[in-house]
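# Residue-level structural notes
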Amino acid sequence: QVQLVESGGGLVQPGGSLRLSCVVSGSSLGYHAIGWFRQAPGKEREGVSCINSSDGSTYYADSVKGRFTISVVNAKNTVNLQMTSLKPEDTAVYYCAAGGFRSWYGPWKQASYEYWGQGTQVTVSS
């Protein structure tokens, strides 16, 4: 069983920065990737970023490229999402997820991720 707990959300002004963290606990044997997704009010959940557990390859949605950075720290049990130049449209609940334990459909498919955190709220507003 794998548990993920994300933290670091809050209120930030446009143009500001915020760092989200995802702590992975339990058995992580066999996982392929850790992904970040977000869901804004009235919108579908969308992929934000993903990091491959094997080779460190990273993926970013077009909407966040150049502004967000995903990284692995603390002996690979923590994944951070450094968010800069935040925009109001970044406002959402952000979720981290671990995937690839049983199947893999690519980093942007929610079905690739078997375990999900509870989410952390990010609000970008002046």
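Keep in mind the model is a prediction, meaning the values are calculated, not measured.

So, about the environment of Pro41. Of note, Pro41 is situated in the loop between β4 (33–39) and β5 (46–52). For the pair Pro41 and Val93, spaced 52 residues apart in the sequence, the C-alpha separation amounts to 8.7 Å.

Attention shifts here to the pairing of strand β9 (residues 92–99). Within β9, 7 of the 8 residues are buried, leaving the element largely enclosed by the surrounding structure. Sheet analysis places β4 next to β9, joined by 7 bridges and oriented antiparallel. Within β9, the position partnered with Trp36 by the bridge is Cys96. When β9 meets strand β11 (residues 120–124), the two strands line up antiparallel, connected through 3 bridges. When the sheet's bridge partners are listed, Val93 is paired in β11 with Gln121. Pairing of β9 with strand β10 (residues 113–116), which is carried by 3 bridges, proceeds in the antiparallel orientation.

The rules we used
- Residues numbered from 1 in each chain as written.
- Predicted model: local features only at pLDDT ≥ 70, side-chain atom pairs only at ≥ 80, totals over all residues.
- Heavy atoms only, no water.
- Helix = DSSP H or I, 4+ residues; strand = E, 2+ residues; numbered from the N terminus.
- Buried < 20%, exposed > 50% of the residue type's maximum accessible area, 1.4 Å probe, protein only.
- Pairing = 2+ DSSP bridges.

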